[in-house]
Amino acid sequence: MNGTIRVGNLFGIPFYIHPSWFLVLGLVTWSYSSGLAAQFPQLSAGLALLLGLMSALMLFASVVAHELGHSFVAMGQGIDVKSITLFIFGGLASLEKESKTPGEAFWVAIAGPMVSLLLCGIVTAIGVTTTASGPLAAILGVLASVNLALALFNLIPGLPLDGGNILKAIVWKITGNPYKGVTFASRVGQIFGWVAILSGIVPLLLFGSFGNFWNLLVGFFLLQNAGNAAQFARVQEKLTGLTAEDAVTQDSPIVSANLTLREFADERVISGQNWHRFLVTDDDGQLVGAIAVDNLRSVPTALWPETQVREVMRPITESTTVQSDQPLLEVMQLLEQQKLSVLPVIRENGVLVGILEKTAIIQLLQSRTQPNPA
């Protein structure tokens, strides 16, 4: 997963760490340990470093708890959580699909900040009721502040932050269109991204100060991800209502299982068709296998007139086909997930419709984007 390291499972959810996380862990540990050493001179350097590391790990445990909040609510809606990843900007819970209703989307989005606010309250209560003092009180104070900041930062109403997803759900509820919600929340996210970039660039240009350099990085993160979300929403909207059959390639490479290899070679290969792989159907038009041009080499040319395609073809499993009435958006996601470029399309009774190519989906999107002539 883009260079991430899998470190195990959390409640059955694959847990990954991006290498950049270790850099952040080191910087946070150094920052916390330096602060503790300055605040409490009686601490030895080793103990200050240990307490700094513990504080940093509790910080990232808070981020994980935040993402688990999203994950548990999503799983309660029947949505599979593919992974949780820690990276330089925090954490990310990767969900299998979107919620079905704006109300469900709202609760998934707000669950993370609610967990962070709850942790802030719990840690604050522990500090007050136990009358903690010294380094322990300082650590509890930092942990409470971090969880509060985590909640408030994520509530900024712009994608890809939780507040953006909350805003998306609200606009979805008002308009009845989830894609308008994504588009609106993405634009707000881009605005906050530009604001963050400017707050980092202006002090740098005017005063040579790198104090807001982190704002610059966060701004670019918001700008890029908000733009990607908006672009994907436009693709989703254009594919809405289309099925796999709408993108099937005309004159798909289909041959009968009863053809001899000589007939197959003459009619399909030598005739000038550029396909290298053909789908094979039986007398009822049902998909039974596939044959590649290279498979002809496994049979001596002298035997081609008496060898049928069915004897050379390779079987095709149901997992490598899609139903003709399957939403085209789901098919596109399947192509991306399985890194495929072509899929056979069949009807419910197994009859082959044709092949669906990734390029055909792209061409279909382009044709729906172009304005109609007057």
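It should be emphasised that the depicted structure is a prediction, and the values quoted were computed from it without experimental measurement. (Residues numbered from 1 in each chain as written. Predicted model: local features only at pLDDT ≥ 70, side-chain atom pairs only at ≥ 80, totals over all residues. Heavy atoms only, no water.)

### Focus on the side chain of Thr-260
Piece 1. Mapped onto the secondary structure, Thr-260 falls in the loop between strand S5 (254-256) and helix H8 (261-269).
Piece 2. Assessed through its relative accessible area of 15%, Thr-260 is described here as buried.
Piece 3. Setting aside its immediate chain neighbours within four residues, Thr-260 contacts Trp-304, Pro-305, Thr-307, Gln-308 and Val-309. (Helix = DSSP H or I, 4+ residues; strand = E, 2+ residues; numbered from the N terminus. Buried < 20%, exposed > 50% of the residue type's maximum accessible area, 1.4 Å probe, protein only. Contact = heavy atoms within 4.5 Å.)

### Describing helix H4 (residues 134-154)
Piece 1. Between its first and last C-alpha atoms H4 spans 31 Å; for 21 residues at 1.5 Å apiece the expected length is 30 Å, and the two agree.
Piece 2. Within the sequence span of H4, burial applies to Pro-135, Ala-138, Ile-139, Leu-140, Leu-143, Ala-144, Val-146, Asn-147, Leu-150, Ala-151 and Asn-154.
Piece 3. On its buried side, H4 packs onto helix H1 (20-39), helix H2 (45-76), helix H3 (102-129) and helix H5 (162-175). (Expected span 1.5 Å × (residues − 1).)

### As for the packing of H3 against H4
Piece 1. Here H3 crosses H4 at 160 degrees, and the two axes come no closer than 8 Å. In terms of orientation, H3 and H4 fall into the roughly antiparallel class. Considering only the axes of H3 and H4, their crossing is left-handed. Facing Pro-113, Ser-116, Leu-117, Leu-119, Cys-120, Val-123, Thr-124, Ile-126 and Gly-127 of H3, the residues of H4 in contact are Leu-140, Leu-143, Ala-144, Asn-147, Leu-148, Leu-150, Ala-151 and Asn-154. (Axes fitted to C-alpha atoms, helices over the stretch in contact; angles between N-to-C directions. Parallel < 35°, antiparallel > 145°, perpendicular 65-115°, else oblique. Left-handed = near helix turned anticlockwise from the far one by under 90°.)

### Observations concerning the sheet that holds strand S6 (residues 277-281)
Piece 1. What the 3 strands build is an open sheet, ordered S5-S6-S7; its pairing is mixed. Of all strands in the sheet, those bounded by a partner on one side alone are S5 and strand S7 (287-292). For this sheet, the mean angle separating the axes of adjacent strands, direction not counted, is 35 degrees.
Piece 2. Where S5 meets S6, 3 bridges bridge the pair, whose relative direction is parallel. Pairing of Ile-254 across the sheet is with Leu-279, part of S6. (Pairing = 2+ DSSP bridges.)

### Re a nonpolar patch on the surface
Piece 1. A surface patch of nonpolar side chains, about 590 Å² in accessible area, is lined by Leu-198, Val-202, Leu-205, Leu-206 and Phe-207.
Piece 2. Tracing the sequence through the fold places Leu-206 in helix H6 (residues 178-207). (Patch = residues over 30% accessible without salt bridge, like charges linked within 9 Å, V, L, I, M, F, W, Y side chains within 5 Å. Areas by Shrake-Rupley, 256 points an atom, 1.4 Å probe, with all protein chains shown as cover. Salt bridge = Lys/Arg side-chain N within 4 Å of Asp/Glu carboxyl O.)

### Thoughts on H6
Piece 1. In this model, H6 (30 residues) spans 44 Å end to end at C-alpha, consistent with the 44 Å of a helix rising 1.5 Å per residue.
Piece 2. The first or second residue beyond H6 is Gly-208, which carries a positive phi of 70 degrees.

### Overview of the environment of Gly-164
Piece 1. Tracing the backbone shows Gly-164 in helix H5.
Piece 2. Separated by 63 residues in the primary sequence, Gly-164 and Thr-101 have C-alpha atoms spaced 16 Å apart.

### Re the packing of aromatic side chains
Piece 1. Tallying each qualifying case throughout the model produces 6 aromatic pairs.
Piece 2. Here the aromatic rings of Phe-106 and Trp-107 are separated by 5.2 Å at their centres, their planes lie at 80 degrees, and the arrangement is edge-to-face.
Piece 3. Through pairs of rings, three or more aromatic residues link up here, namely Trp-21, Phe-22 and Phe-60. (Phe/Tyr/Trp six-rings, centres within 6.5 Å; stacked < 30°, edge-to-face > 60°.)

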